[in-house]
Each structure stands twice: as structure tokens, then as C-alpha cells.
Amino acid sequence: MSNTNIAHEIEKLREELNQHNYSYYVLNSPMISDYEYDRLMDKLITLESEHPELFDSNSPTQRVGSDINIEFQQVKHKYPMLSLGNTYNEGEITDFFNRVVKSLDEPFEIVCELKYDGTAIGLTYENGGLVRGVTRGDGVQGDDVTVNVKTIKSIPLKLKGDYPSEFEIRGEIYIPHKGFEAMNRERAEAGEELYSNPRNTASGSLKLQNSKQVAKRPLDCYLYYLLGEELPADNHFCNLEKAREWGFKISENYKLCKSPDEIFEFIHYWDKERHNLPYDIDGIVLKVNSLNQQKRLGFTAKNPRWAISYKFKAEQGYTRLLSVDFQVGRTGAVTPVANLEPVQLAGTIVKRASLHNADFITALDLHLNDMVYVEKGGEIIPKIVMVDMDSRKPKAEAVRFITHCPECGTELEREEGEAAFYCPNRQSCPPQVKGRIEHFISRKAMNIDGLGAETIDLLYSVKLLHDVSDLYSIHPMQLIPLERLGEKSARNIIKSIEKSKSVSFPRVLFALGIRFVGETVAKKLAMAFKSIDRLEQATLEELIEVVEIGERIAGSVIEYFADERNREIIEKLKRAGLQFELSEQEAKTDSQLLASKSFVISGSFAKHSRDEIKQLIEKNGGKNSSSISSKTNYLVAGDKIGPVKLAKAEKLEITIISEDDLLNLIQL
Ligand code: IVH
């Protein structure tokens, strides 16, 4: 292919991929399969890597993010990013409406929109390309988070149609419920503390310094406000319609109103209907439609006079605290849960509320039989937000956090810097043991069918199951006499247990339930160490050298193997025939060209991210290390290499190679 043809081919692929992104993430109606999409993407990645001169920072390939940690630059907003005045009742809306009537003294329209509950973003486009994404910050200046914004697939990197040459569009970055629940499922699997709500998680995600991590977060973005010198229309409503044509995700849920009654109708409708949306909104925004009228109304020091928000009342229930339970999870963390007199709240009856941890109970100053206010926010279960102190009975008993495990009586421990108390009796505290067995048999782990929480409970209570290794010595005849289990289901369970012996090593490792070792981490560890024996031998330093394994995970792995009882269980599982090493096929590295060579990488690279470079080294049999020592064979030097590393490498006479040299070494 000639160079012009290649440029043409690359441009065509970029356009096609942009269109498919738009169909999938903005319109919610994919036109091709994931497989076909990946093939187009692979083709573009290959062509772009062969032709670095055709690099484009707005190519769809750039959405994967990079693992170079960046410090955000502070950028001054071209137009200050003001917030809206809040109203909480219809009277305040009527006041706003009357103020506008009085100031304008002519007919006007109000656009009613949803108020998305996320984090604000300002996106600048020049000549149809995204050039900058900036957070609100203090309203005058914010953080330049462009690299992170680019990973959000519903935000167009290139626009379609007749857009102005320069403009800013503002919107809200949020996490939909489904994505949020999936994130928390993963956290729970790894035994980690759950994220508290989608809003905080969205703003936290946008501020992550590693855009590759941001790319994994299920962020989305609705846009709601255009700014610029050459906007297409003289009113907000038509400008949003135009922005939709350029490829932005603009909500369909807005309405033009002429009277307070029409506004109230919209508010009442969404106050109910918001519970059926796949994301959180916390109110309604009202905006004067005409840009000319907006200009005439102007701003106060803090807010526009032409717009206001109406905040929904977080639905509150008022009820009595009956008692507090303390639940022990699979990791031993103790969670306090309030038992309430049943109360109707946002369409459901609430009987229990989360109390999070000991500090939360102290902060509420909670006493038994208190009358309390409960709210359903973005959180999964309702929470107690306030105590009605006036209703407290004299001599009411304060709720105290327990000092000993309610299940096994062991004294609880609290690790420094952690909010939760733990029961340290990992080996014989019943909910921890049963929880670990439930995790072990779960679908993504050993996938053992027919055994639910109730059966495990039963097998545990009749002492057939003490730990996961006992699963492999159960006989069908032992199961049949048990309550609820017929011969057929007993045989099916045994069959499923038998089948689990062929489950691959990464999943077995995940199934062991080592704290902080979720599915992805288990895969990484299995690929890096190949067998449980080598993993057991690994030092803290060796563990940390594996891509994406930090000190917390490494420490937890070390702690797990340091416990003799865990090692005994592994021995029993080995004897039962489980897979404790990668099969030849799984273990196959791309080559052994870098075998027994130790690498340190430094700086940033033109063709690959740092993570990709590390993976290339590992896949070809080499080892990554974070610091230079006399054992280091090569320093792979990229752009902006750390001067200290360079000096050390030179002093120890270590071979310094470039990214291209490394690719040559592995014959790429
Ligand atoms: S318009 C000058 N429209 O609510 C007007 N804001 O304090 C700028 N928000 O910081 C804002 N949904 O993060 C607007 N449909 C919507 C919105 C919205 C959510 C957020 C935004 C802003 C805050 C208001």
C-alpha cells in the first residue's frame, strides 16, 4: 500500500470505529458484534503502530488509557464554572419564576431537565476534535483530566456535522447503577470494602492518576450546556438538539414549559419516575431558554439568575430502632446492621439499615429504641441519617460496638487505619468458614452446582464440611440421608465436585479466597508464578514486581501462605487432584528469548504503554524489577527517564536499551 492509501485506510478505520462507538455507547444500539469491533480495532492498532507518523491523539485507539501516572495541571476555565442556586419546594420555584417575569417583562420559556448526580465536566472542542476536559475545581480553575475523559466511550473524540470551530460543552460524568453494582460485586469477591455510592465513585474515578484504570470504570456522561461565541441557535433547547447531531449524549428527558404549573408537572412526574432510571438524579434543573434573555438576566456572584435547581427530597422514613445485629462476613469484617420497625420508603418496606462501622454509630450517638430518620440514597441499603433526640426515652441504652465475635466469641481486632473491626479466628469462625466455602464453589471460582448457602450450612452443621478440602472426600451415601437432598441431587453434586477438579489454576487460586485476590489479580499471579508452589515461595519484593500487584495484595498473599492451616488445605486439595499449576498451553510464553534476564523500565514509550512493555518482557520469559541492582541485565529507557535510575545504571555498567532495541530482542 502506498503511504496515501495507508493514511486513507487509517482514517477510514477511525471513522468506522467512531461510528460504532456512537451506536453502542450513545444510541445503545450496536451495529456489529464485539468480535467484529475488536477486529477493526486490532487492525487500526497494527496500522498505527507501523506508522507512528500518522499518530492522532483523538484516534479511537487512544481510549484505552495509559498507565503513566500523571499529576493533573490546573487550568483556568474560559467561562467560570458556576453552580446553581438550590430550591427545595414549589414556593421557591414560583419565586424564581416571578423574579424572571419581573426582570424580563416579556414572554419567556423554561427548559426543565434532569439534574444528574455525578461530577461536572467542561469539554472543549476545536475544529471538531476534543482538546480538553476540565473538572469544576473551585469554579475558576479545575484539573485538566483530558486523558481520563478520553476513556469514556460516550464522549465523542471527533464530531460529526456542522459544529462551530470552537466551543465548550458541559455535562455530568456519572456511573450507571448496573456498572456500580458490578464494581462492588468485584470488590466483594476480593474481600474489599465496598464503594459507598455512584456519585463519589464517579468523581474519584475521574481523578485517578492512571488512565488505564479509569478506562476500566463504567463511566458515562450526559451533556447539558453549550458555551461559545458561534453557537448554532439563539436558544438552549435548539443548541442541545444540535449537540446531539454532532454526536453528544443528550438526554431525551427534557421539556419546554411556559408556566409554574407545567414545571410542577415535570417535577412530580420525575420525582416518581426517577426510581426507574438506570442512573441517579437528585433533582430537576430549570433554565431560561433564550440565550439573549439569559444574558439580560445575568449572574449573581455565585449563580446564574436564569437557572435554578430543584432538589428532590431524599425520601425519608421515620421509625424506631429495635436492635442492632453484628454480621460477620467471609473476610471476618464485622458490619453493624440496624433492625427497624418496618417503614414504607421509596416504594419498598424497609426493616434494616446499614450502620457501616463503629465510628458511624458513635457519630450518630445511637441509643436503643431511638426514633430515627432513614434515607435511601445512591447506597445499596438504606441508612440512618439522624436520630430524633427529643424522642429519646430516659435511661435509654447506648448502642455499643461489640468487643467479641458474636459467632465464635473471639476478641475482635481493628487494623490501624481501617474503619472495620475483624474477627481474627479465620479457621473456625462459622460464617467465615461457610462464607469461604460459598465463595469457593461460586460460578466464577470452582463452579460447583447444586450446593447453595443452605446446603453448605447443613453440611457444616452435621460436620461433613470443615473446610473446602472436605468437599472432595464427601460420598453420595453421606449426602442422601440429609434433609432435602434426594439421591439424584446428591449424585449431581458429587458429579459437579468431580468436574471441578479440571478447573484451571487461575480460578482455583481465586477460589481460595485470599484477601484482595479477586479474579483479575488471581490471573495475574497465576501467569507470573505459574504454580502454587512458586507463588508460595515468592517474596514480598517478587510479588510487587508483578504488573498491577501492590503492597497490600502482596502482603495478603504472604500472610495467607504463612498460615500453616492454609498450607494444609492446599496439600489436601492437591491430593484430591485440583489444578495447582498452569497447563502447558496456559503457561506458554510467546518465547523464551528473554529467559533468565532481569529488566528495569523507566520513562514513557512511544509505541507501547509501560504496562504493555512489562507484559512483553514477561511473555517472553523475562523478569521485571522496579529497582536497579547488580542483578539487572537491561534498563529499558524511554522518554523522560528518571536521572537517578540512569546514573545508577551507568555506574553499575548495565546495558541501556531503547524500546526499539527491546522489540528487536524479541523479534517484533
Ligand atoms: S447546568 C450555569 N444542567 O448540578 C449552569 N447542571 O450546581 C450550569 N448538574 O455543577 C449547570 N445536571 O454539575 C446543569 N441538567 C443539568 C445538570 C447540572 C446536573 C450539576 C452540575 C452543576 C450542579 C449545579
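Numbering of residues starts from 1 in each chain and follows the order in which that chain's sequence is written. The predicted nature of this model means local features are confined to residues of pLDDT at least 70 and side-chain atom pairs, given and counted, to a pLDDT of 80 or more, with totals for whole chains, interfaces and linings taken over all residues. For the side-chain quantities, the full set of heavy atoms in the structure was used; hydrogens and water were omitted.

### Examining the overall build of the chain
- What counts as a helix is a DSSP run of H or I of at least four residues, what counts as a strand is a run of E of at least two, and both are numbered from the N terminus. A count of helical and extended segments in the chain gives 25 helices and 22 strands.
- Seen along its three principal axes, the alpha-carbon backbone of the chain occupies a region of about 85 × 85 × 50 Å.
- Classification of residues uses two cut-offs on accessible area relative to the type maximum, computed with a 1.4 Å probe and protein chains only: under 20% is buried, over 50% is exposed, and between them is partly exposed. With 668 residues in all, the chain has 49% of them scored as buried.
- When charges are counted, neither His nor the chain ends are considered; positive counts come from Lys and Arg and negative counts from Asp and Glu. By convention, charge coordinates are those of NZ in Lys, CZ in Arg, CG in Asp, or CD in Glu. A gap of 2 Å separates the mean positions of the 86 positive and 101 negative side-chain charges of the chain.

### Brief notes about the pattern of salt bridges
- Salt bridge, as used here, is a side-chain nitrogen of Lys or Arg placed within 4 Å of a carboxyl oxygen of Asp or Glu. On inspection of all chains with the given rule, the structure shows 30 salt bridges.
- Between Lys 43 and Glu 9 there is a salt bridge, and its shortest N-O distance comes to 3.8 Å. You can see Lys 43 sitting in helix H2 (residues 34–50) and its partner Glu 9 sitting in helix H1 (residues 3–26), a full 34 residues away along the chain.
- Through salt bridges with shared partners, a single network forms among Glu 11, Arg 14, Glu 48, Asp 56 and Lys 158.

### A word on the sheet that holds strand S7 (residues 166–174)
- Here four strands make up an open sheet; going across it, the order is S5-S4-S7-S8 and the pairing antiparallel. Edge strands, defined here as strands with exactly one partner in the open sheet, are strand S5 (129–135) and strand S8 (220–227). When strand polarity is set aside, the average angle formed by the axes of neighbouring strands in this sheet is 30°.
- A pair of strands is considered paired only if DSSP assigns at least 2 bridges between the two. Pairing analysis gives six bridges linking strand S4 (residues 119–126) to S5, with the strands arranged antiparallel. What counts as an axis is a line fitted to C-alpha atoms, over the stretch in contact for a helix, and the angles between N-to-C directions run from 0 to 180 degrees.

### Considerations on the packing of aromatic side chains
- For Phe, Tyr and Trp, rings pair up if their centres lie within 6.5 Å, where Trp contributes its six-membered ring, and each pair is then called stacked (planes under 30 degrees apart), edge-to-face (over 60) or tilted (otherwise). By the definition in use, this model includes 24 aromatic pairs.
- Ring centres 6.5 Å apart and planes at 5° place the aromatic pair Tyr 116 and Tyr 224 in the stacked group. Of this pair, Tyr 116 sits in strand S3 (residues 110–116) while Tyr 224 sits in strand S8, placing them 108 residues apart in sequence. Like Tyr 116, the residue Tyr 224 is buried in the burial classification.
- Following the ring pairs from residue to residue traces out a cluster consisting of Tyr 116, Tyr 174, Tyr 222, Tyr 224 and Tyr 279.
- One cation-aromatic arrangement involves Lys 160 over Tyr 22; the distance from NZ or CZ to the ring centre is 3.4 Å.
- The ring of Phe 516 carries Arg 552 above its face, with NZ or CZ at 4.0 Å from the centroid. A ring is considered to have a charge above it if a Lys NZ or an Arg CZ atom is located within 6 Å of its centre and within 35 degrees of its normal.

### Points about the site of the ligand
- Proximity criterion: a residue is near a molecule or strand once any of its heavy atoms comes within 4 Å of it. Leu 84, Glu 113, Leu 114, Glu 172 and Tyr 224 are the nearest of the 14 residues found near the ligand.
- We define a polar contact as two N or O atoms separated by no more than 3.5 Å, with the added condition that, inside protein, one atom must be a possible hydrogen donor and the other a possible acceptor, whereas residues neighbouring each other in sequence contribute only through side-chain atom pairs. The side chain of Lys 115 places a nitrogen or oxygen atom 3.4 Å from an oxygen atom of the ligand.
- Areas reported here follow the Shrake-Rupley algorithm with a probe of radius 1.4 Å; residue values treat only the protein chains shown as occluding. Contact with the protein chains removes 92% of the 520 Å² of surface that the ligand exposes when unbound.
- At the level of elements, S3, S8 and strand S10 (281–288) are the ones that each hand at least two residues to the shell around the ligand.

### Some thoughts on the packing of helix H20 (residues 551–562) against helix H21 (residues 564–576)
- It is at 5 Å that the axes of H20 and H21 come closest, and there the two elements cross at 75°. Comparing the axis directions of H20 and H21 gives the class roughly perpendicular. Of H21, the residues touching H20 (which contributes Tyr 560, Phe 561 and Ala 562) are Glu 564, Asn 566, Arg 567 and Ile 570.
- The residue makeup of the contact of H20 with H21, split by class, is four nonpolar, one polar and two charged. Comment on the angle field: the value is read as roughly parallel under 35 degrees, roughly antiparallel over 145, roughly perpendicular from 65 to 115, and oblique elsewhere. Residues count as neighbours in contact if any of their non-hydrogen atoms are within 4.5 Å of one another. Gly is placed with the polar residues, together with every amino acid not listed as nonpolar (Ala, Val, Leu, Ile, Met, Phe, Trp, Tyr, Cys and Pro) or charged (Asp, Glu, Lys and Arg).

### A word on the side chain of His 439
- Among the structural elements, His 439 can be located in helix H12 (residues 430–441).
- With relative accessibility at 8%, the residue His 439 sits in the buried group.
- When near neighbours in sequence (up to four residues on either side) are disregarded, His 439 contacts Glu 189, Arg 330, Ala 445, Phe 510, Ala 511 and Gly 513.

### A few points about the packing of H1 against H2
- It is the contact of H1 with H2, at a shortest axis distance of 10 Å, that shows an interaxial angle of 145°. In the crossing of H1 with H2, the sense of the turn from one axis to the other is left-handed. Within the contact between the two elements, H1 uses Glu 9, Ile 10, Leu 13, Arg 14, Glu 16, Leu 17, His 20, Asn 21 and Tyr 24 and H2 uses Asp 34, Tyr 37, Leu 40, Met 41, Lys 43, Leu 44, Leu 47 and Glu 48.
- Partitioning the contact of H1 with H2 into residue classes produces nine nonpolar, two polar and six charged. We call a crossing left-handed when the near helix sits turned anticlockwise from the far one by less than a right angle, and right-handed when that turn is clockwise.

### Structural notes on the side chain of His 236
- Summarising the element assignment, His 236 is placed in helix H8 (residues 236–246).
- Within the structure, His 236 has its side chain in polar contact with the side chain of Glu 113 (distance 2.5 Å).

### Concerning helix H17 (residues 519–529)
- Along H17, the residues that are buried comprise Val 521, Ala 522, Leu 525, Ala 526 and Phe 529. Angularly, the buried residues of H17 cover 135° about the axis, an arc narrow enough to put them on a single face.
- Considering only its buried residues, H17 is in contact with helix H16 (505–511), helix H18 (532–537), helix H19 (540–544) and H20.
- One or two steps after H17, the chain reaches Lys 530, where phi turns positive at roughly 70°. In this context, the arc is that of the directions from the helix axis out to the C-beta atoms.

### Considerations on unusual backbone geometry
- The backbone phi angle of Lys 395 is positive, close to 65°, even though this residue is not glycine.
- With respect to the secondary-structure elements, Lys 395 resides in the loop between strand S16 (383–388) and strand S17 (413–414).
- Lys 395 sits in the exposed class, given a relative accessible area of 85%.
- Here the phi dihedral of Lys 530 falls at roughly 70°; this positive angle occurs in a residue that is not glycine.
- Within the secondary structure layout, Lys 530 lies in the loop between H17 and H18.
- On the basis of relative accessibility, which here comes to 23%, the residue Lys 530 falls in the partly exposed class.

### Brief notes about the sheet that holds strand S20 (residues 623–624)
- Taken in spatial order, the four strands of this open sheet run S20-S19-S21-S22, and their pairing is parallel. Looking along the sheet, the strands with just one partner apiece sit at the ends: S20 and strand S22 (655–657).
- Packed onto the sheet, helix H23 (residues 610–619) meets strand S19 (598–602) and S20 and runs at close to 170° relative to S19.

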